[in-house]
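Per-entry structural report
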Amino acid sequence: MMKIRIALLALSAATMSLPVVAKDVTLLNVSYDPTRELYKSLNSAFAADWKAKHGDTVTIRMSHGGSGKQARAVVDGLPADVVTLALAYDIDAIADRGLTGKDWQTRLPENASPYTSAIVFLVRKGNPKGIHDWGDLVRNGIQVVTPNPKTSGGARWNFLAAWGYALKQPGGNDDKARAFVKSLYQHVPVLDTGARGATNTFTQRGIGDVLVAWENEALLAKREPGGDQFDIVTPSVTILAEPPVAVVDKNATDHGTREVADAYLKFLYTPQAQDIEARNFYRPRSADVAAKYAAQFPDVKTFTLAEVFGDWRKAQAKFFAEGAVFDQIGPGN
Amino acid sequence: MRRRVLPGFGLSLGYTVTWLGLVVLLPLAALAWKASDIGTAGVLKLFTSPRTLAALKLSFGGAFLAALANVFMGLIVTWALVRCRFPGRRILDALIDLPFALPTAVAGIALTAIYAPNGWIGQWLAPLGIKVAYTPLGVLLAMVFVGFPFVVRTLQPVLQSLERDVEDAAESLGATPGQTFLRVILPPLLPTLLTGFALALARAVGEYGSVIFIAGNIPLRSEIAPLLIVQRLEEFDYATAAALGVVMLAFSLTLLVALSAWQRWTRRWAEVPA
């Protein structure tokens, strides 16, 4: 930890001592794993847009990794100007250390989440086990692949999607949801530490009958070679995954990049960016763009985290903290 | 006064202490300091939890078995490399170091691909009811993989320096091959085998990258202790993560000290003239 911290300090010192040539701006966007392709396209679009409007050259450097690990790196000194992570809890942790305002989620529209995804199922070609909804996942003989919510932010959305489904069934309550989710995790043979790992376990290793996944990951897996071996199943109701974005106030101020960083995140909501996001399999917020990509994103009944669970701090404390619900009912119990 | 080849005692010792302090002791002290945040009660609670105990048991138990397997196979492989002349020996010799050079995650993914139920080897084991990937057996396999070179590379020079005529002498005095091995060859190798064992063990206990992909990571069943540390970090709970680290460290240190004491004892025993 210490060594990493020293290395990061050296790194940040090096970036800060770079001579700031009048019109060249460099931003560091610290993001999570599956956004590589997405931000590659978004960054060049934003740079072109900024150049046209202001004449400055903007270079955006990226850092990818597990969402929680990325948040820790920023807390420990990685000089991110903006963060684009998998869940608000990770940005809250950055805000808790005073690196950005606690009000970060209200500064941008739509909970500071420019694009969304839904939690869906990936099944084997032709859906041989007849999996159509959450209830089918706990049938005898069904094996479910989902990553570990303790190590993967994405997997926490999966968990909450299943819980929310059970709550919304007739007569649903916390006890029934708990029993349902417990039974679901008893069908999980492998708990990968991250979402990509789980996708590989399902697609490459042939483990399991169904992969609980983000829709963008499922669509991506279908586009990969051999992707025709899988079908996507959209359940009756699911959670709307809202990956959030925020400017890291302290770093942006220190680097003098505040204005560009703000503009960068606002750009993510423009029709042009929304189109890029849709092409990278994220559901756009813009209704117009959504209409254009209607074939790709089937209509699905979704609920938000805020509607069912309040906020991430509450969800984290209730379900995923040490000794909380997941530890009590997860696999192995 | 005798001239020394390397700089004098004072300078060498100065470098040694400074370097070890910066590279080893300082990070470890930081770890212990961070861990002190959770207090004695916290430590007690942590280490009475069945989950922590299961993970520690898998990490240390697995590493122990893996090191045993490596000592056994390592002796045979080193023997073949040192004593036998066959085509491709040099290539084989170079292959031994591969686990050192390969990023551990790559090793883990490769092992998983091979031993998964649809993998090259896994598909033949699956009908027999043998599951390797995503079970404790998979954990063991990855630990064997990362620890293997340690045994071979510590054993090799010692085996090379063993004179063959001692064996011939034993034989001419009427010793059976078994007696020659047990009474003539094994004793001088024992301290080195122990060193190899200790190194392979230490490497396997802390191994994360390669194990994580093949483990399955089911709590109480196939969850390794380093994964518990990562989980605490995901919760931004640095103190508990550090406490787990300190305990693993203390465990390993005790083990290594005990092994080295045993090693000294066997060395003395080995050096007693027969």
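Described in the following lines is the structure provided in the data block. (Residues numbered from 1 in each chain as written. Chains lettered and ligands numbered in written order. Predicted model: local features only at pLDDT ≥ 70, side-chain atom pairs only at ≥ 80, totals over all residues. Heavy atoms only, no water.)

So, the packing of helix H6 (residues 104-115) of chain B against helix H8 (residues 136-161) of chain B
Helix-helix packing is characterised by the crossing angle of the two axes and by the distance between the axes. Residue and element names in this part refer to chain B. Put simply, H6 and H8 touch, their axes get as near as 11 Å, and they point 135 degrees apart. The angle between H6 and H8 falls in the class oblique. Classified by chirality, the crossing of H8 by H6 is right-handed. Two secondary-structure elements touch here, H6 through Ala107, Leu111 and Tyr115 and H8 through Leu141, Ala142 and Phe145. (Axes fitted to C-alpha atoms, helices over the stretch in contact; angles between N-to-C directions. Helix = DSSP H or I, 4+ residues; strand = E, 2+ residues; numbered from the N terminus. Parallel < 35°, antiparallel > 145°, perpendicular 65-115°, else oblique. Left-handed = near helix turned anticlockwise from the far one by under 90°. Contact = heavy atoms within 4.5 Å.)

Digging into the interface of chain A and chain B
Contacts between the two partners involve 35 residues from chain A, matched on the other side by 28 residues from chain B. Taken together, the two surfaces of chain A and chain B that pack against each other cover about 2600 Å², and 56% of this comes from carbon and sulfur. Between the two partners, chain A and chain B, sit 5 salt bridges. One can count 8 residue pairs in polar contact (both at pLDDT 80 or more) joining chain A with chain B. Of all the secondary structure elements, the ones that give two or more residues to the side of chain A that touches chain B are helix H1 (2-16), helix H3 (67-75), helix H4 (88-96) and helix H15 (312-320) of chain A. If you tally residues by element for the side of chain A that touches chain B, the top one is H3 of chain A, at 5 residues. Classifying every residue of the side of chain A that touches chain B by side-chain character gives 13 nonpolar, 10 polar and 12 charged. (Buried area = accessible area lost by both parts, 1.4 Å probe. Salt bridge = Lys/Arg side-chain N within 4 Å of Asp/Glu carboxyl O. Polar contact = N/O pair within 3.5 Å; in protein donor to acceptor, adjacent residues only side chain to side chain. Nonpolar A, V, L, I, M, F, W, Y, C, P; charged D, E, K, R; others polar.)

Let's talk about the packing of aromatic side chains
This structure, assessed with the given rule, holds 24 aromatic pairs over all chains. Summarising the aromatic geometry, the rings of Trp157 of chain A and Trp312 of chain A are spaced 5.1 Å apart at their centres and angled 85 degrees between planes, so their arrangement reads as edge-to-face. Residue Trp157 of chain A is located in helix H6 (residues 153-167), and its partner Trp312 of chain A is located in helix H15; the two are separated by 155 residues in the primary sequence. Residue Trp157 of chain A shares its accessibility class with Trp312 of chain A, and that shared class is buried. A ring pair is formed by Phe64 of chain B and Phe197 of chain B, whose centres lie 5.4 Å apart and whose planes are at 85 degrees; its orientation type is edge-to-face. Within this pair, whereas Phe64 of chain B is found in helix H3 (residues 50-83), its partner Phe197 of chain B is found in helix H10 (residues 177-206), the two being separated by 133 residues in sequence. In textbook terms, an aromatic cluster arises when at least three aromatic residues are bridged by ring pairs, as seen for Phe159, Trp163, Tyr185, Phe309, Phe319, Phe320 and Phe326 of chain A. If you follow Arg124 of chain A out to its NZ or CZ, it ends over the ring of Phe202 of chain A, 3.9 Å from the centre. (Phe/Tyr/Trp six-rings, centres within 6.5 Å; stacked < 30°, edge-to-face > 60°. Buried < 20%, exposed > 50% of the residue type's maximum accessible area, 1.4 Å probe, protein only. Lys NZ or Arg CZ within 6 Å of the ring centre and 35° of its normal.)

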